[in-house]
There are 2 protein chains.
Amino acid sequence: MLESLPIDAVDTVAALRRQVQSWRKDGHRIGFVPTMGALHEGHLSLVTRALEDADRVVASIFVNPAQFAQGEDFDTYPRTLESDAAKLAGAGCHLLFAPTVMEMYPNGFASSVHVEGPAFGLESQSRPHFFGGVATVVTKLLNQVQPDLAVFGEKDYQQLLVIRRLARDLDLPVDIVGAETSRDRDGLALSSRNAYLSPAERERAGRLNVILAELAREIRSGQPLEPAQMAARERAEAVFDSVDYIEVRDADTLEPIVAERVSGPARVLAAVRVGKTRLIDNMAV
Amino acid sequence: MLESLPIDAVDTVAALRRQVQSWRKDGHRIGFVPTMGALHEGHLSLVTRALEDADRVVASIFVNPAQFAQGEDFDTYPRTLESDAAKLAGAGCHLLFAPTVMEMYPNGFASSVHVEGPAFGLESQSRPHFFGGVATVVTKLLNQVQPDLAVFGEKDYQQLLVIRRLARDLDLPVDIVGAETSRDRDGLALSSRNAYLSPAERERAGRLNVILAELAREIRSGQPLEPAQMAARERAEAVFDSVDYIEVRDADTLEPIVAERVSGPARVLAAVRVGKTRLIDNMAV
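Since we're looking at a predicted model, the values are computed, not measured.

Asker: How should I be thinking about the interface of chain A and chain B in this particular structure?
Answerer: Accessible area lost upon the coming together of the parts serves often as the stated size of an interface. Taken residue by residue, the interface counts 26 residues in chain A and 26 residues in chain B. Both sides together, the interface formed by chain A and chain B hides about 2,000 Å², and carbon and sulfur atoms give 49% of it. Contact with chain B buries surface across chain A, with Asp169(A), Leu170(A) and Asp171(A) losing the most and accounting together for 27% of the total. Applying the counting rule to chain A against chain B returns two salt bridges. Between Lys140(A) and Asp171(B) there is a salt bridge, with its nearest N and O atoms 2.7 Å apart. At the boundary of chain A with chain B, the tally comes to 20 residue pairs in polar contact (both at pLDDT 80 or more).

Asker: What exactly am I supposed to notice about the packing of aromatic side chains here?
Answerer: For any pair of aromatic rings, the description consists of the separation of the ring centres together with the inter-plane angle of the planes. Residue and element names in this part refer to chain A. By the definition in use, this model includes 10 aromatic pairs over all chains. Ring plane angle 85° and centroid distance 5.0 Å describe the contact between Tyr105 and Phe109, whose orientation is recorded as edge-to-face. We classify Tyr105 as buried; its relative accessible area is 15%. Here the basic side chain of Arg79 rests over the ring of Phe74, its NZ or CZ set 4.8 Å away from the ring centre.

Asker: Got a minute to help me understand the relation of the copies chain A and chain B in this structure?
Answerer: The second copy of the chain is related to the first by a rotation about an axis and a shift along the axis. Expressed as a screw transformation, the operator carrying chain A onto chain B has a rotation angle of 180° and an axial translation of 0.0 Å, and the superposed copies differ by an RMSD of 0.0 Å. Those values place the two copies in the arrangement expected of a two-fold rotation axis. Among all C-alpha atoms of chain A, that of Val113(A) lies closest to the rotation axis, at 2.3 Å. Here 100% of the interface residues in chain A have copies in chain B that are interface residues too; the copies meet face to matching face.

Asker: Help me out: how do you make sense of the packing of helix α9 (residues 207–220) of chain A against helix α10 (residues 225–239) of chain A in this one?
Answerer: Angle between the axes and distance between the axes are the two parameters that describe a pair of packed helices. All names here are of chain A. Remark: α9 packs on α10, axes separated minimally by 10 Å, with the N-to-C direction vectors making an angle of 170°. Taken together, the axes of α9 and α10 lie roughly antiparallel to each other. The interaxial crossing formed by α9 with α10 has right-handed handedness. Contacts from Arg207, Ile211, Glu214, Leu215, Glu218 and Ile219 of α9 reach α10 at Leu225, Ala228, Gln229, Ala232, Arg235, Ala236 and Val239.

Asker: Could you clarify how one ought to interpret the UniProt feature "binding site: (R)-pantoate" (unreviewed entry) in chain A in this entry?
Answerer: All names here are of chain A. As recorded in UniProt, the sites labelled "binding site: (R)-pantoate" (unreviewed entry) are Gln67 and Gln159. What stands out for the annotated residues spanning 93 residues is how close their C-alpha atoms remain, the widest pair being 11.7 Å apart. You can see Gln67 is positioned in the loop between β3 (56–61) and α3 (81–91). Overall, Gln67 belongs to the buried group, its relative accessible area being 9%. Aside from chain neighbours lying at most four places away, what touches Gln67 is Met36, Glu72, Arg127, Phe130, Gly133, Val134 and Val137. In this structure the side chain of Gln67 is engaged in a polar contact, spanning 2.9 Å, whose partner is the side chain of Asn64. Mapped onto the elements of the fold, Gln159 is located in helix α7 (residues 157–169). The residues contacting Gln159, other than those within four sequence positions of it, are Phe130, Phe131, Val134 and Phe152.

Asker: I keep staring at the environment of Glu180(B) and nothing clicks. Help me out?
Answerer: Here Glu180(B) shows up in the loop between β7 (175–179) and α8 (199–205). Glu180(B) sits 153 residues away from Gly27(B) along the chain, and the two C-alpha atoms are 29 Å apart.

Asker: I tried to follow the packing of helix α1 (residues 13–25) of chain A against helix α6 (residues 130–145) of chain A on my own but got confused; where do I start?
Answerer: All names here are of chain A. It is at 8 Å that the axes of α1 and α6 come closest, and there the two elements cross at 45°. When the axes of α1 and α6 are compared, the pair comes out oblique. Every residue of α6 that contacts α1 at Val13, Leu16, Arg17 and Val20 is listed here: Asn143, Gln144 and Val145.

Asker: Any chance you could explain the pattern of salt bridges here in plain terms?
Answerer: When the charged atoms of two side chains lie near each other, side chains of opposite charge can form a pair. All names here are of chain A. Overall, the coordinates contain 40 salt bridges over all chains when judged by the stated rule. Across the pair Glu72 and Arg127 runs a salt bridge whose closest N-O atoms are separated by 2.9 Å. Of this pair, Glu72 sits in the loop between β3 and α3 while Arg127 sits in the loop between α5 (123–126) and α6, and the two are 55 residues apart along the sequence. The partly exposed category is assigned to Glu72, whose relative accessible area is 27%. Since its relative accessible area comes to 10%, Arg127 is described here as buried. Across the pair Glu247 and Arg249 runs a salt bridge, and its minimum N-O distance is 2.9 Å. Overlapping salt bridges bring together Glu123, Asp244, Arg273 and Arg278 as one network.

Cut-offs and rules
Residues numbered from 1 in each chain as written. Chains lettered and ligands numbered in written order. Predicted model: local features only at pLDDT ≥ 70, side-chain atom pairs only at ≥ 80, totals over all residues. Heavy atoms only, no water. Contact = heavy atoms within 4.5 Å. Buried area = accessible area lost by both parts, 1.4 Å probe. Salt bridge = Lys/Arg side-chain N within 4 Å of Asp/Glu carboxyl O. Polar contact = N/O pair within 3.5 Å; in protein donor to acceptor, adjacent residues only side chain to side chain. Phe/Tyr/Trp six-rings, centres within 6.5 Å; stacked < 30°, edge-to-face > 60°. Buried < 20%, exposed > 50% of the residue type's maximum accessible area, 1.4 Å probe, protein only. Lys NZ or Arg CZ within 6 Å of the ring centre and 35° of its normal. Least-squares fit on C-alpha atoms with pLDDT ≥ 70 in both. Axes fitted to C-alpha atoms, helices over the stretch in contact; angles between N-to-C directions. Helix = DSSP H or I, 4+ residues; strand = E, 2+ residues; numbered from the N terminus. Parallel < 35°, antiparallel > 145°, perpendicular 65-115°, else oblique. Left-handed = near helix turned anticlockwise from the far one by under 90°. UniProt positions renumbered as here; feature names shortened; annotations may be inferred.

As structure tokens, this is what we get:
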């Protein structure tokens, strides 16, 4: 099936490594963009970012069961391999790696990677197993591809910091590059899960980035942290069906900020629900 | 201090990688032998084994706090860097990597590797945090050195299988090689902890391998598993101050064998205490 795709594609680690090693022999620098497919412009901008620093770019598509909890959307997560492959080819990506679940987690698989620090709170509160699943699969993917650099979207900001942390802690020989969030015309952060939204939900979804930008502006202008955060939460609760969090955190460690006002680099982060769809977004202060 | 050692030595990952990368540019194959120092002939045989398959061999010496529990012998573990360096040089090792605790676990360190499967039971029963500490530091060391092969002693058989498992599961691009246990004249497996033994304890310690060999012979000759194991345990209890375990397990998975007699490849493994010293050993059936 992979042969019919409009891009060179492999589904085994062995074939992946053969290709990457042959590029490396030719002196090429390798970039890597891991994805779960259902690609949109945001993903393609990661490929573009990788091409700035690499001669050859590998993208992976793997919907990782280990990072979905029971009752989350693993089964219904959009799977659109053919159109994804076409988009990757169009973006200048050189190789698609699309392994099966058995290739990634063969019988007897027994190892996992855990990260504390930046993984604490926020997403972990709603999705306690999420970062364990992410850390393990990203460690595997980075070791499978062995790229010089790997690009992750700032859209998943906590995930980006978790991956930076694990790459540093486990001495993975790779540069972790964060790429700016791509947004729709109304500022909604692009996400594969936006496909779940009805037209009416889609319209409400566009308010999240506005509320976050407002909060960021208030914090930046020196307003006291706690009341600004509370007010933003109230604004979000008026629009969305529920608010998992809307918080200001240290931009580097994601630790809560205990001061009355923010002085160092900070980030506003939020997760809300519109209907059955969970949306996340974040911005620099 | 490293400059005065009788072998090329580095204590930072950056310096280590510079050396390894320069060897790799010259087309050399890299072997790696991780140790906690207090080197004996057993360790040196791992260097010899690595030299069979590699052009350049790195040995590390790092007494890893993460694999010692409170009350274990981290503080008193023998530290003999100068004589270790001389022994490594004599064995043909090319580079010593001796990082500090801060180089391995800098402030903010927040990641860990966990292995189930072969890590279940046996050593984990007495030392529940041991393999977590081992898995994390070995993942780090393998990523720091990036060797083609790494040699581990069969003396720590369960550890060898745990490391094989994690290298496979996390797709570390390295061959994990097991090397036969080196033994003293009376068959006692060489161990840095043998240095703790008084002369009288040392004599009793030499019985462990005899009891294990006897059990292996009985199992091999088709005797029923359970009674043979029980009898070996009783023989061990008569000699040692306590017996943590003496068991026959599947040689590849370390799963308990449920059949009455052993048919596939199996391993006998034991941990006992002589005075304050804990000894482990194992043998193929």
